[in-house]
Amino acid sequence: MAAPTAPARTRRQLPTTPWLFAAPGLLVTGAFVLYPFVSTVVNSFTDRRTLLPGRFVGLANYRELLHDDMFWTGLRNSTLYIAGVVPALVVLPLLLALLVHRNIPGITFFRSAFYTPVVASIVVVGLIWVWLLDERGLVNSLLQAVGVGRVGFLSDQWLLLLSAMAVTVWKGLGYYMVIYLAALANVPRELHEAAAVDGAGPVRRFLTVTVPAVRSTMVLVAALSSVAVFKVFSEVYLMAGPSGGPAGEDTTLVMLVQRTGTGLTGRVGYASALSVVVFAVTVALMLLVLRADRGEES
């Protein structure tokens, strides 16, 4: 019997060859994504602690969090964070992208300057803003100099949350600006020229030409920012401290997960249940944004 030809051997090898290339990525994903996710879901049904394996308790952790005041405080703050930050991160980066979209001398410097906060460490950014907004910081010194008096940006419950929101918006502007710049590059110039010929001013051209052209990008930004903002941790933690501000009233859900599940006596099972709730809410947010987008299209 004649030996198989080279093309025949190649055809027999092809089904396994792609898996060999995909294996490293699949192993990493399984070890650092899938396994932790499954482990968290399993732990959420146990009373496991940091140094103890725990036993199966069913839905006890989920029933407990429904009666946990700190859970509702964290859910409230995370929801307020979305309401305050996401609209700003959808609109302001678009306006910023329009500002730096034109190819004029020196515009590259401003693009880089606006993007710099994105690559800066969140710890460094948080500490800088803490120094600025502290009771003896630069902002309060300027306010006192003009006769306004000192403002408790880091001591008042709501001002602290608003200050953390401002830091999140400031740091995220450059990232979403780049996404909008890529979308604006695909908007035909002829549409703006035709609108200008019809007598449309800059504002009308923005509303009738630019916004519809980048609408899908706005939905993408809304989805990405909603998920990122709901899981906010660093900004509030750095500005409010581990306790979550005055009486813990500025605690977010992710801060509550970290506080509950860490340490030698950490309640890993209860923290896992909180983590599952955070995951479920983030998935629901993405589905809600996508469904609203489909509803507007239809």
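Bear in mind the structure is a predicted one, so any value in this text is a computation, not a measurement. (Residues numbered from 1 in each chain as written. Predicted model: local features only at pLDDT ≥ 70, side-chain atom pairs only at ≥ 80, totals over all residues. Heavy atoms only, no water.)

Section: the side chain of S226
Checked against the element boundaries, S226 lands in helix α11 (residues 215-230). With a relative accessible area of 5%, S226 lands in the buried category. When residues no more than four places from it in sequence are discounted, the contact partners of S226 are I82, V86 and L285. (Helix = DSSP H or I, 4+ residues; strand = E, 2+ residues; numbered from the N terminus. Buried < 20%, exposed > 50% of the residue type's maximum accessible area, 1.4 Å probe, protein only. Contact = heavy atoms within 4.5 Å.)

Thoughts on the pattern of salt bridges
Where charged atoms from two side chains of opposite charge approach closely, those side chains can pair. Following the criterion strictly, the structure yields 3 salt bridges and no others. A salt bridge links E64 to R267, with the nearest nitrogen and oxygen atoms 2.9 Å apart. Remark: R267 occurs in the loop between α13 (253-261) and α14 (268-297) and E64 occurs in helix α3 (residues 60-66); sequence separation between them is 203 residues. With a relative accessible area of 27%, R267 lands in the partly exposed category. Between R76 and E249 there is a salt bridge; the shortest N-O distance is 3.3 Å. Of this pair, R76 sits in helix α4 (residues 69-100) while E249 sits in the loop between α12 (234-240) and α13, and the two are 173 residues apart along the sequence. Judged by its relative accessible area of 30%, R76 is partly exposed. (Salt bridge = Lys/Arg side-chain N within 4 Å of Asp/Glu carboxyl O.)

Let's talk about the nonpolar core
Core analysis: the largest hydrophobic core is formed by 64 residues, its most contacted members being L65, F71 and Y81. Apart from residues no more than four positions distant in its own chain, L65 is found in contact with F71, W72, Y270, A273, L274 and V277. (Core = buried A, V, L, I, M, F, W, Y, C linked by side-chain atoms within 4.5 Å.)

Here's the deal with the environment of L94
On the secondary structure map, L94 appears in helix α4. The buried category is assigned to L94, whose relative accessible area is 2%. Remark: the alpha-carbon pair of L94 and P24, spanning 70 residues in sequence, is separated by 38 Å. In contact with L94, other than residues within four places in its own chain, are Y180, F206, V214 and M218.

Here we look at the packing of aromatic side chains
Applying the stated criterion across every chain, the model contains 7 aromatic pairs. Seen from their ring centres, F109 and F110 are 5.4 Å apart, and the 75 degrees between their planes marks the pair as edge-to-face. Under the relative-accessibility criterion, F109 is labelled exposed at 59%. Under the relative-accessibility criterion, F110 is labelled partly exposed at 43%. For the ring pair F233 and Y237, a centre distance of 5.0 Å and an interplane angle of 25 degrees mean the geometry is stacked. Assessed through its relative accessible area of 27%, Y237 is described here as partly exposed. In this structure, R267 packs its charged tip against the face of Y270, placed 4.7 Å from the ring centre. (Phe/Tyr/Trp six-rings, centres within 6.5 Å; stacked < 30°, edge-to-face > 60°. Lys NZ or Arg CZ within 6 Å of the ring centre and 35° of its normal.)

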